[in-house]
Amino acid sequence: WGRAFSAEVVIYGRCAISDRKEVSVSLTALDVAREFMIDQADQTGLVGQGSQGVVQTMQRVIDEIASNLGPSILRAITALEAKVSRFEITVKGLRSFRDFRTLRDFLEKEVEGVKSVRQTRVKGNMISIMVEYPGDEDAFLEEVLRHENLPFPLDVVKTEEGEIVFNIR
């Protein structure tokens, strides 16, 4: 699911409430790009009195876990961001949303190293996308233009302002 939503980190876990009025929560943080576990934390708490006791205890336990997992997640994200470049590309000449999906799928699945492709703006037949790639713009463009499965013939223009434009023919 992390890749489907272009997430850098996924947190999953479980919660159980015992007969002894004890709440147990276990959460695991996963680095989506590098496919490994960042950290895991378990915590238990006794349920207080009243109808809100279980909910309050779960919240307190989850808050404690979050304070334990937070620094590990931040270190993992910082290390990942230090290695990944982000750049915007304007795509001109798309005829349909299906063309955009085809291009996005090609970039995400066929171009080695692409971490994510996100649509950032739409105007007429132009779409702007944000690409995360572990190299610079020139290495990315070379990888795209030399790819044997390029879905559309396209011209690449790099403007004086540094903007990258894909003109689909």
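See the structure above.
This text gives an overview of the structure that appears in the document. None of the values given here were measured: they were computed from a predicted structure. (Residues numbered from 1 in each chain as written. Predicted model: local features only at pLDDT ≥ 70, side-chain atom pairs only at ≥ 80, totals over all residues. Heavy atoms only, no water.)

Things to note about the nonpolar core
Definition in use: Put simply, a nonpolar core is a bunch of buried Ala, Val, Leu, Ile, Met, Phe, Trp, Tyr and Cys residues held in one set by side-chain atoms that sit within 4.5 Å of each other. Working definition: with a 1.4 Å probe on protein chains only, accessible area under 20% of the residue-type maximum means buried, over 50% means exposed, and in between means partly exposed. Each helix is a run of DSSP H or I of at least 4 residues and each strand a run of E of at least 2, with the numbering of both proceeding from the N terminus. In this description, contact between two residues means that some pair of their heavy atoms is separated by no more than 4.5 Å.
Counting residues in each nonpolar core, the largest one holds 23 residues, and the members touching the most others are Ile 89, Val 91, Leu 107, Ile 129, Val 131, Phe 140 and Phe 166. Counting residues per element, the ones that place at least two in this core are strand 4 (85–92), helix 2 (97–109), strand 6 (126–133), helix 3 (137–145) and strand 8 (164–168). Excluding its chain neighbours within four sequence positions, the residues that come into contact with Val 91 are Leu 103, Asn 125, Met 126, Ile 127, Ile 129, Phe 166 and Ile 168. If you look at the next biggest cluster of nonpolar residues, it comprises 12 residues, including Val 23, Val 47, Val 61 and Ile 73.

Describing the packing of aromatic side chains
Two measures describe an aromatic ring pair: the distance that separates the ring centres and the angle between the ring planes. Inclusion rule: By convention, a stacked pair of Phe, Tyr or Trp rings (six-membered ring in the case of Trp) has centres within 6.5 Å and planes under 30 degrees apart, an edge-to-face pair has planes over 60 apart, and any other such pair is tilted.
Counted under the stated rule, the structure contains three aromatic pairs. Taking 5.5 Å as the distance between ring centres and 40° as the angle between the ring planes, the aromatic pair formed by Phe 97 and Phe 100 counts as tilted. Of this pair, Phe 97 and Phe 100 are both found in helix 2, three residues apart, which corresponds to roughly one turn of the helix. With a centroid separation of 5.3 Å and an interplanar angle of 70°, the aromatic rings of Tyr 133 and Phe 140 are classed as edge-to-face.

Section: the pattern of salt bridges
Where we set the bar: Whenever Lys or Arg places a side-chain nitrogen within 4 Å of a carboxyl oxygen from Asp or Glu, that contact is recorded as a salt bridge.
Scanning the model with the defined rule gives 11 salt bridges in all. A salt bridge links Glu 132 to Arg 118; the shortest N-O distance between them is 3.6 Å. Of this pair, Glu 132 sits in strand 6 while Arg 118 is found in strand 5 (residues 116–123), placing the two residues 14 residues apart along the sequence. With relative accessibility at 5%, the residue Glu 132 sits in the buried group. The partner of Asp 155 in a salt bridge is Arg 169, and the shortest N-O contact between them spans 3.3 Å. Here Asp 155, found in strand 7 (residues 154–158), pairs with Arg 169, found in the segment after strand 8; they are 14 residues apart in sequence, far enough to count as distant. For Asp 155, a relative accessible area of 37% puts it in the partly exposed group. It is possible to trace a salt-bridge network through shared partners that takes in Glu 8, Arg 86, Arg 118 and Glu 132.

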